[in-house]
Amino acid sequence: MLTIKAALAGTLAGALAATAALAEPKTNMLHQWSEGSDAAAIAKLGEMFTAAGGTWEQTSIAGHTANTLAKLRADVVAGNAPPAVQLKGPEIAEWNETGMTANLDDLANKEGWDKVVAPELLPVMKPTGHWVAAPMNIHRINWIWGSTKAMEQAGIKELPKTWAEFNAACDKALAAHLICLGHFSQDWTDATTFEVVVYGQNIDLFRKAFVEGDVNAMRSPEMVKAFEQYRTMVSKYMDPAIAGRDYQTTTDMIAKNQAVFMIMGDWQIGIFTAAGLKSPQDYVCAQAPTDWGKPGFILNSDSVVFFKQKDPDYIEGQKLLAHLILSPQFQTVFNQAKGSIPARLDVDLSNGFNPCQQLSQKDLQASIAGGTLVRSMAHNMTVLQKYRGAMMEVITSFVNTPGMSAKDAANAMADAVEAQK
Amino acid sequence: MANALSGIAAVRKPARGRDMLTAWTPRLVILPAALASFVYVFVFTLWTLYVSMSNSTLLPTYQFVGLKPYFELWSNQRWSIAYGNLFYFSAFYVVLAMVIGLALAIAIDQRVKGEAVWRTIFLYPLAVSFIVTGSVWNWLYSPNEGIEHFVRSLGWADFTFRITSNRETAIYAIIATGIWQSTGFAMALFLAGLRSVDPDLIKAAQIDGAGPARIYRKVILPSIAPIFIAVAVVLLQFAIKTFDLVVALTQGGPGIATTFPANYVYDLMFQRGQIAIGAAASIMMLLALAAVLVPYAVWTTWRSRRGAIRG
Amino acid sequence: MVDATYDLAFDPHARSANLRFIAGRIAVYGFLGLFALIYLIPLFVIVANSFRELPEITRNGLIAIPQSFSLKAWPQAWLHHCVAGTCEGIHRNFYNSLIMTIPATIFSTVLGAINGYVLSKWRFPGSETLFACMTLGVFMPGQVSLLPWAFILGTVGLSNTIYGLILVHVVQGMSFTTLFCRNYYVGIPDDLIKAARIDGAGFWRIFFKIILPLSPPILIVTVIWQFTGIWNEYLFGVVFTGGRQQPVTAALVGLATNSMNARSYDVASCAVLIAAIPPLLIYFFGGKYFVRGLTQGAIK
């Protein structure tokens, strides 16, 4: 009797253990990278996932980020949270508060993520001290790009290092009948250029206003000064048709040597490459102008958040996916395709990476050492979306309203943020 | 308008089982649809109303906070701009689309050759996805690649046509493209209406010596008055839902000059995680709609009551 | 219609009247022609760009006289281009859209006809109010109904399935189709119905023998309206499906909207035209019924 019972129990336990071990990792990653080099980069993740024995599925939503977030909310409300979602910045903390996100501490501790991931990213990926997101890359926002031939034509020898040099270089460009700063006006591009200006003038101002969201810093004379520099850039150094222009056309302005400079993040590398441009023959890169002379870095990072699942296959898939994302191999191929640099600090960039990307990693290390590393507001890494949205509305209005004074803009921005509190 | 007394089931009371079934079948048949509509229209609206007075942010939550989200909504400059844009756009869009649609219908009605071709040309914008045609219009309005560039390449070096780059004129681009998209529908309705006017009426007016313009004004247009209402309703619901037009043409720019309520609601609910405020904005949109529909409903009911009294 | 012909032989004012007639014709055709040109410009651009080579497009601009010709972009768009998560072109999305749109159109049309029949011929206390309520559904913006729908689909277990999406479109479309059908059926004389009832016909018999045979114009109208509306709809199609079930509009947004990457204008134009074919076909063949069906009954 006893032996039969024991045998039955033993068989049952064995079967259960076998089932758990047999869980086939599968996933369905929700993201917004549906076209071009972004999609190619994610495809690599899919290849690695399949090679490791998993079943790869993805839901890629084109268009505005809001579409991806709409689908995420719809799925969560339907009780069907996706196993893996592309989320970043303060939204990771917000979703974590709902209690629906999965905890990756076991995997993180086993693989030692705390030691290899850039320190500025840790509070974003671990909002309450536990790992809930896996960072895929690090983008650098504060780049200035220059068209080699246009610079020659205007007699500009090298990319400007300070804002005073920038203005002087632009005056030369205007004298040569070129557009100095190629730009297209959308809320995120106006905000990107402006945060680069603020950062370059005054890191403390950036930290207080854009990272902490301090309203008094937004009203300060330093912020007014930043808006004044921005007004000079918009009215003198950009051309009048910035609203309604698109990204591709702006890149073409650099490619065709009609514009001298462009201020944009490092994904510009991917776009230049796709347009057949090479550095340094066609374009050069440098840190965007700063008035304080040290290496600086405005950081943006894409990451994947995992939502708690009931299906053991999805749970296995999440572990596999997180493991793959943080693997040096994925960090290498993904970032080669995307133009950014790995989120892991220990990956060697000497093979297969563009010189601008290598410079990016060097500057990242220097910036960490020098204490000048900050996260980007324009790319949703610091303040909550409601504050960010309010700030970006004021900034883009400022760009498109020639009559708006710097002081009014600074106050409007502060008022808009206050209204959301 | 059909007589309110017609269509009522048999006057005799249903005495036998089969008659009972006949009396109840219609109600049973429409029940599922009625339920579905009830849920879709009322339950959804009530849910939105409740959420607009809750503390929802990232996800819907149900703690009541009163009118706070409405105050937050109206303290946003972008909302006042969006709401104003809605009224401004709707007025121009509905009126102009009707006028142009009517003009096109009258023109086609002049026994022109190839009517099917003209009709298809004016109707095709409705058939093709606006995501697509909107992008093309975006290219057309763009100074570097569109009409301005094309005309300049033909020789007129100073030609400028950059309405989407200017805060004052960008909304006209949206109005124009919106009209382009839906006027065909207005035209189709008016055309069918013009065709169904009683020919005897027209003959009588011609015998009286009236010229074409007078005939249109005094005889034909008045007899298709209900068509105007139908067209206005369809155009109005397009106007309220304006979303794709903005996304495709201006993304709400320059700056925030052409932002519209539907876009702002979407942004609040899904981008910024402020669902309560988004719901409040939705209720404001529905109120704007009610401001037009309720007077119309009252007027129709008053008119049909007056008609019934007059016999 | 205004009859503008004059008998030239008899009318003493014939010559000036004839000139006026010709001037009138020129005005009418000129007016129509001008608008037709404006209307067709986007179509010209898309068609031209689908046959141009991409380097030539980027060199000469999107709006230019074509200087190259190539058929390469077409198979790319249908079978190979990487968009919306796969590198299979848009053919799968196209089939997904067909699978979703055809049933949704059929169901919402059938339901609209039945509802319209009930609300126009079998009135009961409250039926007018019910009709007004159902019509209100026409005005609901998609952003407002998205989360409630997500909740309902999740509760009945249809979330992220094509059936859930069909359900959403049927319920939403029912508002339009009921409106159209009811206003149309109101124009069918009630005496016909009364006579049939006296002859002993019941609810369904009357529907199939009397109402349905008279319905083709309005049914074609509802089919056209629903098909194009559902086929071209983006938001719900994307949010309520997942993975490889996404409709063709999802691929179009990926190809046509402003993105951070180099756009393949040639492939995008081909994809757009391919995706536009079903609605355009329906408009082309059904167009004359569309005009005819919309007003029969609306004026009476």
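Residues numbered from 1 in each chain as written. Chains lettered and ligands numbered in written order. Predicted model: local features only at pLDDT ≥ 70, side-chain atom pairs only at ≥ 80, totals over all residues. Heavy atoms only, no water.

## Description of the pattern of salt bridges
Within this structure, the stated rule accounts for 24 salt bridges over all chains. When the shortest N-O distance is used, the salt bridge between Glu148(B) and Arg162(B) registers 2.8 Å. Placement of Glu148(B) in helix 6 (residues 147-153) and of Arg162(B) in the loop between helix 6 and helix 7 (170-195) is noted, with a sequence separation of 14 residues between them. Relative accessible area serves as the criterion here: at 2%, Glu148(B) is assigned to the buried category. Take Arg162(B): its relative accessible area is 27%, and that puts it in the partly exposed class. Residue Glu128(C) pairs with Arg123(C) through a salt bridge whose shortest N-O separation is 3.6 Å. Among the residues examined, Arg123(C) registers a relative accessible area of 15% and is labelled buried. A single salt-bridge network, built from bridges that share partners, covers Glu393(A), Arg78(B), Asp267(B) and Arg272(B). (Salt bridge = Lys/Arg side-chain N within 4 Å of Asp/Glu carboxyl O. Helix = DSSP H or I, 4+ residues; strand = E, 2+ residues; numbered from the N terminus. Buried < 20%, exposed > 50% of the residue type's maximum accessible area, 1.4 Å probe, protein only.)

## Considerations on the domain arrangement of chain C
All names here are of chain C. Each assigned domain of chain C is listed here: domain 1 (12-81) and domain 2 (86-295). Computed over C-alpha atoms, the centres of domain 1 and domain 2 are 31 Å apart. With 17 residues of domain 1 at the interface, the matching set in domain 2 holds 20 residues. A buried area of about 1,600 Å², summed over both sides, lies between domain 1 and domain 2, and 78% of it is on carbon and sulfur atoms. The three residues of domain 1 that bury the most area against domain 2 are Ala77, Trp78 and His81, which together make up 41% of that side's buried surface. (Domains from an automatic or database assignment. Contact = heavy atoms within 4.5 Å. Buried area = accessible area lost by both parts, 1.4 Å probe.)

## Observations regarding the interface of chain A and chain C
Counting residues at the interface gives 30 residues for chain A, matched by 33 residues for chain C. Here chain A meets chain C over a buried area of about 2,400 Å², counting both sides, of which 51% is carbon and sulfur. Seen at the junction of chain A and chain C, the total is zero salt bridges. On inspection of chain A and its partner chain C, the count reaches seven residue pairs in polar contact (both at pLDDT 80 or more). Of all elements in the fold, only helix 2 (36-51), strand 2 (55-60), helix 3 (65-77), helix 14 (247-255) and helix 15 (268-274) of chain A reach the threshold of two or more residues within the side of chain A that touches chain C. Counting residues per element, the side of chain A that touches chain C draws most heavily on helix 3 of chain A, at seven residues. Of the residues in the side of chain A that touches chain C, the class split is eleven nonpolar, eleven polar and eight charged. (Polar contact = N/O pair within 3.5 Å; in protein donor to acceptor, adjacent residues only side chain to side chain. Nonpolar A, V, L, I, M, F, W, Y, C, P; charged D, E, K, R; others polar.)

## Focus on unusual backbone geometry
A negative phi angle characterises most non-glycine residues, just as the trans form characterises most peptide bonds. Between Ser279(A) and the following residue, Pro280(A), the backbone shows a cis peptide bond with an omega angle of 0°. Counting through the fold element by element, Pro280(A) comes out in the loop between helix 15 and strand 9 (283-287). Positive phi, close to 60°, is recorded for Asn160(C), a residue that is not glycine. One can find Asn160(C) in the loop between helix 6 (142-155) and helix 7 (162-185). Taking the relative accessible area as the measure of exposure, Asn160(C) reaches 23% and is therefore partly exposed.

## Section: the sheet that holds strand 7 (residues 179-182) of chain A
All names here are of chain A. Pairing in this open sheet of four strands is mixed, and the strands run 7-8-6-9 from one edge to the other. Bordering the open sheet on either side are strand 7 and strand 9, each of which pairs with just one other strand. Within this sheet the neighbouring strands show an average axis-to-axis angle of 25°, counted without direction. The pairing of strand 7 with strand 8 (residues 259-264) spans three bridges and is parallel. When the sheet's bridge partners are listed, Leu181 is paired in strand 8 with Phe261. (Pairing = 2+ DSSP bridges. Axes fitted to C-alpha atoms, helices over the stretch in contact; angles between N-to-C directions.)

## Examining the environment of Glu222(A)
All names here are of chain A. With respect to the secondary-structure elements, Glu222 resides in helix 13 (residues 221-237). For Glu222, a relative accessible area of 39% corresponds to the partly exposed category. Residues Glu222 and Leu205, spaced 17 residues apart in sequence, show a C-alpha to C-alpha distance of 7.2 Å. Setting aside its immediate chain neighbours within four residues, Glu222 contacts Gln201, Asn202 and Leu205.

## Here's the deal with the nonpolar core
Membership of the largest hydrophobic core comes to 251 residues, with the highest contact counts inside it found for Leu45(A), Met136(A), Phe306(A), Ile325(A) and Phe122(B). When residues of this core are assigned to their parent elements, the largest contribution, 15 residues, is made by helix 3 (residues 77-109) of chain B. A domain-level breakdown of this core finds at least three residues from each of domain 1 (12-81) and domain 2 (86-295) of chain C. If we ignore the near neighbours within four places in the chain, the residues touching Phe306(A) are Pro83(A), Ala84(A), Met100(A), Thr101(A), Ala102(A), Leu104(A), Val132(A), Ala134(A), Gln318(A), Leu321(A), Ala322(A) and Ile325(A). Counting 82 residues, the second-largest nonpolar core is a separate cluster that includes Tyr237(A), Ile254(A), Ile263(A) and Ile395(A). (Core = buried A, V, L, I, M, F, W, Y, C linked by side-chain atoms within 4.5 Å.)

## A few points about the environment of Lys115(A)
All names here are of chain A. Within the secondary structure layout, Lys115 lies in helix 6 (residues 113-116). For Lys115, a relative accessible area of 72% corresponds to the exposed category. For the pair Lys115 and Leu345, spaced 230 residues apart in sequence, the C-alpha to C-alpha distance is 9.0 Å.

## So, the packing of helix 4 (residues 91-121) of chain C against helix 9 (residues 203-214) of chain C
In a packed pair of helices, the relevant descriptors are the angle between the two axes and the axis-to-axis distance. Residues and elements named next belong to chain C. Contact geometry for helix 4 and helix 9: axes closest at 12 Å, N-to-C directions at 105°. Classified by the angle their axes make, helix 4 and helix 9 are roughly perpendicular. Residues Ala113, Ile114, Tyr117, Val118 and Lys121 of helix 4 lie in contact with helix 9, whose contacting residues are Phe203, Trp204, Ile206, Phe207 and Ile211. Among the residues making up the contact of helix 4 with helix 9, the classes are represented as nine nonpolar, no polar and one charged. (Parallel < 35°, antiparallel > 145°, perpendicular 65-115°, else oblique.)

## Some remarks on the state of the cysteines
Summed over the entire model, instances satisfying the criterion amount to two disulfides over all chains. Each sulfur in the disulfide pair Cys170(A) and Cys180(A) lies 1.9 Å from the other. As the torsion about the S-S bond is roughly -75°, the Cys170(A)-Cys180(A) disulfide counts as left-handed. With Cys170(A) in helix 9 (residues 163-175) and Cys180(A) in strand 7, this pair connects stretches of sequence that are ten residues apart. A residue is classified by how much of its surface remains accessible, and Cys180(A), at 0% relative accessible area, is buried. For Cys285(A), the disulfide goes to Cys356(A), at an S-S distance of 2.1 Å. Of note, the bridge from Cys285(A) to Cys356(A) carries an S-S torsion of about -105° and is left-handed in sense. With a gap of 71 residues between them, Cys285(A) in strand 9 and Cys356(A) in helix 18 (residues 355-370) connect regions that are remote in the sequence. Assigning the bonded cysteines of chain A consecutive numbers by sequence position, one obtains the connectivity 1-2, 3-4. Counting only cysteine sulfurs, Cys181(C) is the nearest neighbor of Cys133(C), a cysteine outside any disulfide, at a range of 19 Å. (Disulfide = S-S within 2.5 Å.)

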